[in-house]
Amino acid sequence: MTVLLAHYLGLLHRSEEELASAYREVAAAHGDEPDVVHICRRLAEQCDEHVRRLRPFVERYSEDAPDEPERLHSTLFSGSRGGGLGLLRDLHDLYLMAAECDVCWTLIGQAAQGARDEPLLAAVRDCEDETATQMTWARGRMKQAAPQTLVVASA
């Protein structure tokens, strides 16, 4: 179990780092959207905290560091885009990257239950809830931006 758990710990660790980086890029690129700037910066810090919370378990179980999150990041998020459609696409990418983290938290939580690792399970519960909130924010912000971006003709 330890070897396979190490794979998912590495996957999650890297995914959280990539998501933090993407949040920061989106915040920097969309300065004309103050709510996006503020929230993306806060969510990047949240991802940094998730990485910090993972450290003791990476030390305990080891970490297999797959390059999958970098590939996902480069495939989904090759840099932020400008304008309304760019914001919508950036939010869409953030949502998908957060979903990757969410799935990893869920699977690691199942492993923590099986291993009866209460400290890991507590970290999973906290971080998984925050990741779900990140996804809810991204989905809601996409819903807010979609009508103006996709239907209203640009001048």
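Keep in mind it's a predicted model, so treat the numbers as computed, not measured.

Here we take up helix H4 (residues 83-115). Over its 33 residues, H4 runs 48 Å from end to end, which matches the ideal 48 Å to within 8%, given 1.5 Å per residue. Where H4 terminates, the next one or two residues include Arg116, which has phi positive at roughly 55 degrees.

Looking at the element boundaries, Ala20 is found in helix H1 (residues 2-29). Residue classification places Ala20 among the buried residues on the basis of a relative accessible area of 1%. Separated by 31 residues in sequence, Ala20 and Val51 place their C-alpha atoms 9.7 Å apart. Once you skip the residues sitting within four places of it in the chain, Ala20 turns out to touch Ala44, Cys47 and Asp48.

For the rest of this paragraph, the subject is a nonpolar patch on the surface. Together, Leu85, Leu150, Val151 and Val152 make up an exposed nonpolar region whose accessible area comes to about 410 Å². Position of Leu85 relative to the elements: it lies in helix H4.

Our focus in this paragraph is the environment of Leu12. Position of Leu12 among the secondary structure elements: in helix H1. Sequence separation between Leu12 and Val51 is 39 residues; the distance between their C-alpha atoms is 8.5 Å. Here Leu12 is in contact with Leu54, Cys101, Cys104, Trp105 and Ile108, once residues within four sequence places are set aside.

Let us now look at helix H5 (residues 118-150). Taking 1.5 Å per residue as the helical rise, H5 with its 33 residues ought to reach 48 Å, and the 46 Å between its terminal C-alpha atoms agrees with that figure. Along H5, the sharpest change in direction is near 30 degrees and occurs at Gln144; proline Pro147 comes one to four residues later. Its side-chain oxygen placed 3.0 Å from the backbone nitrogen of Leu120, Asp117 serves as the N-cap of H5.

In terms of nonpolar packing, the biggest core is built from 44 residues, with Leu9, Leu19, Tyr23, Cys40, Leu94, Leu120 and Trp137 touching the most fellow members. When contributions to this core are tallied by element, the ones reaching two or more residues are H1, helix H2 (34-61), H4 and H5. For this core, the element with the most residues is H4, which contributes 13 residues.

Right, let's talk about the pattern of salt bridges for a bit. Scanning all chains against the criterion turns up seven salt bridges. Arg53 is the partner of Asp126 in a salt bridge, and the nearest nitrogen-oxygen pair spans 3.1 Å. Here Asp126 is found in helix H5, whereas its partner Arg53 is found in helix H2, with 73 residues between them in sequence. Judged by its relative accessible area of 23%, Arg53 is partly exposed.

Cut-offs and rules
- Residues numbered from 1 in each chain as written.
- Predicted model: local features only at pLDDT ≥ 70, side-chain atom pairs only at ≥ 80, totals over all residues.
- Heavy atoms only, no water.
- Helix = DSSP H or I, 4+ residues; strand = E, 2+ residues; numbered from the N terminus.
- Expected span 1.5 Å × (residues − 1).
- Buried < 20%, exposed > 50% of the residue type's maximum accessible area, 1.4 Å probe, protein only.
- Contact = heavy atoms within 4.5 Å.
- Patch = residues over 30% accessible without salt bridge, like charges linked within 9 Å, V, L, I, M, F, W, Y side chains within 5 Å.
- Areas by Shrake-Rupley, 256 points an atom, 1.4 Å probe, with all protein chains shown as cover.
- Salt bridge = Lys/Arg side-chain N within 4 Å of Asp/Glu carboxyl O.
- Bend = angle between axes of the 7 residues up to and from the residue.
- Polar contact = N/O pair within 3.5 Å; in protein donor to acceptor, adjacent residues only side chain to side chain.
- Core = buried A, V, L, I, M, F, W, Y, C linked by side-chain atoms within 4.5 Å.

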